Amino acid sequence: MDDSAHAPRATAPSATSPHRAPAASASAQIKPSLVELFTAFAKVSLSGFGGVLAWSRRMMVEERKWLSDEQFNETYALCAFLPGGNILNFSVMFGARFRGAWGAVAAASGLMGPPLLLVLLIGGVYAHYGDLPLLRRALAGVAAAAAGLMLATVAKMARPLLRQRVVAGPLIAFATFAAIGVMHWPLPLVLAVIVPASILAAMVRS
Amino acid sequence: MNAGAGGGTLLTLAGFFGVLSLFAIGGGNSAVPEMHRFAVDVEHWLSDQQFADSFALAQLTPGPNIIIVTLIGYHVAGIVGALVTTLAMCGPPAAFAYFVGGASERFKGKTWHSVLSRALVPVMIGLTAASAAVVVSTTGYSWISLVITFGTALTMYFVRVHPLWVFAVAALLGLGGLM
């Protein structure tokens, strides 16, 4: 499965063997400057309304069709190797590859800087006017919709898992959901039990 | 905003979010229940409603979802709190990605790599589902908010529409005094 990394690029169905060429030419490309790294990630960040998970899934799977459902989940889980926000990890790795530590800093601050300033502005307005009935009612509507958006994202993510017809996956997903979402148990504790169990189940299947 | 937010509070913020950042499998969304448990249930920094508002405002802000921690930090200890919390949530994973990220490329295709990634997919989906449940519970279970929640879920599942349009409609429904 080592060619899976290049598969997303193969958008043209006519290309019979798209695996090698992109990887070879990628290293020969022009290196983005620190400023380009910053602005590129600022752009990605500012176009990602409603959270980058819903947004990146929409772009990669539904619009550009760079990734299938399964590939998206797998790519996402690969990022889960590393803790923290996937897009943040991606920006750090991407920036570091081209411009070392400063590249990582440029890309990550491009990603986090603009939303940080925006959210402080919004937070300031909320702190002063958050109790106004008008704003209160509008926010209650948006909060309910934001919860709904998340439900839809979960349903879309769960589709490939349910298609596999393996009991372990859905069972582990449900156990994780119940422990955190229903029982409200602490996250580190739950992960300490469920991750080894899930690895064991995956090893049995392979 | 809490008035008496001193160095102790900043340390608590930095410590909690610094540790939490290393347990956030698959991104900020999966850490939402733990944030809620600590900030609302344990420390009483925010009410359920304020947490729901923070989540909604973070969704309305373009950029990574993780920005919700900036709002929580701001709520607890102002601008300094916001910066400390954001750095605590982003710093450890970023450092991790910087030092380990390059190495993981070489492991792609190895058996244990695919086993681990297959093992993490269901955990990540379960965590995201739990986040959705916690977020739904903070919106207060009124019948109209449930209608908006499930209306949005069905719309976003079956129709390809920009989330901002759905948010706008929901805000109007709220403004219309329906909630």
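Description of the structure in this document. Since we're looking at a predicted model, the values are computed, not measured.

## Some thoughts on the overall build of chain A
Scanning chain A for helices and strands turns up 8 helices and 0 strands. For chain A, the N- to C-terminal ordering of α and β elements is α-α-α-α-α-α-α-α. Every one of the 206 residues in chain A was classed for burial, and the buried ones make up 42%. The long-range fraction of contacts in chain A, counting pairs at least 24 apart against all pairs at least 6 apart in sequence, stands at 52%.

## Considerations on the interface of chain B and chain A
Contacts between chain B and chain A engage 92 residues on the former and 93 residues on the latter. When contributions to the side of chain B that touches chain A are tallied by element, the ones reaching two or more residues are α2 (32-42), α3 (48-60), α4 (68-107), α5 (111-138), α6 (143-158) and α7 (163-178) of chain B. Per-element tally for the side of chain B that touches chain A: the top contributor is α5(B), with 24 residues. The class makeup of the residues in the side of chain B that touches chain A is 59 nonpolar, 27 polar and 6 charged.

## Things to note about the environment of B:Leu120
All names here are of chain B. Topologically, leucine 120 is positioned in helix α5. Judged by the 26 C-beta atoms lying within 10 Å of it, leucine 120 is buried. Sequence separation between leucine 120 and leucine 11 is 109 residues; the distance between their C-alpha atoms is 31 Å.

## Quick word on the packing of helix α6 (residues 133-163) of chain A against helix α7 (residues 168-182) of chain A
Residue and element names in this part refer to chain A. Direction vectors running N to C along α6 and α7 enclose 145 degrees, while the axes themselves pass 8 Å from each other. Where α6 approaches α7, its residues Ala158, Leu161 and Leu162 are matched on the opposing element by Gly169, Pro170 and Ala173. Along the lines of polarity and charge, the residues of the contact of α6 with α7 split into 5 nonpolar, 1 polar and no charged.

## Things to note about the environment of B:Ala129
Inspection of the secondary structure puts B:Ala129 in helix α5. Sequence separation between B:Ala129 and B:Ser30 is 99 residues; the distance between their C-alpha atoms is 8.4 Å. When near neighbours in sequence (up to four residues on either side) are disregarded, B:Ala129 contacts A:Val154, A:Ala173, A:Phe177 and A:Gly181.

## Section: the packing of α6(A) against α3(B)
One way to put it is that α6(A) packs onto α3(B) with a least axis distance of 9 Å and a crossing angle of 75 degrees. Of the possible angle classes, the one that applies to α6(A) and α3(B) is roughly perpendicular. Two secondary-structure elements touch here, α6(A) through A:Leu139, A:Val142, A:Ala143 and A:Ala146 and α3(B) through B:Ala52, B:Asp53, B:Phe55, B:Ala56, B:Gln59 and B:Leu60.

## A closer look at helix α2 (residues 34-47) of chain A
Residue and element names in this part refer to chain A. Here α2 is 14 residues long and its end C-alpha atoms lie 20 Å apart, about the 20 Å a rise of 1.5 Å per residue gives. Those residues of α2 lying buried are Leu37, Phe38, Phe41, Val44 and Ser45. Projected down its long axis, α2 shows its buried positions confined to an angular sector of 135 degrees, all on one face. Opposite the buried face of α2, by more than 90 degrees, sit the exposed residues Val35 and Ser47. Against α5 (86-129) lie the buried residues of α2.

Here is what the cut-offs are and how they apply
Residues numbered from 1 in each chain as written. Chains lettered and ligands numbered in written order. Predicted model: local features only at pLDDT ≥ 70, side-chain atom pairs only at ≥ 80, totals over all residues. Helix = DSSP H or I, 4+ residues; strand = E, 2+ residues; numbered from the N terminus. Buried ≥ 20, exposed ≤ 12 C-beta atoms within 10 Å, placed from the backbone. Contact = placed C-beta atoms within 7 Å. Nonpolar A, V, L, I, M, F, W, Y, C, P; charged D, E, K, R; others polar. Axes fitted to C-alpha atoms, helices over the stretch in contact; angles between N-to-C directions. Parallel < 35°, antiparallel > 145°, perpendicular 65-115°, else oblique. Expected span 1.5 Å × (residues − 1). Arc of directions from axis to C-beta.

Worth remembering: the numbers are spatial, not functional.
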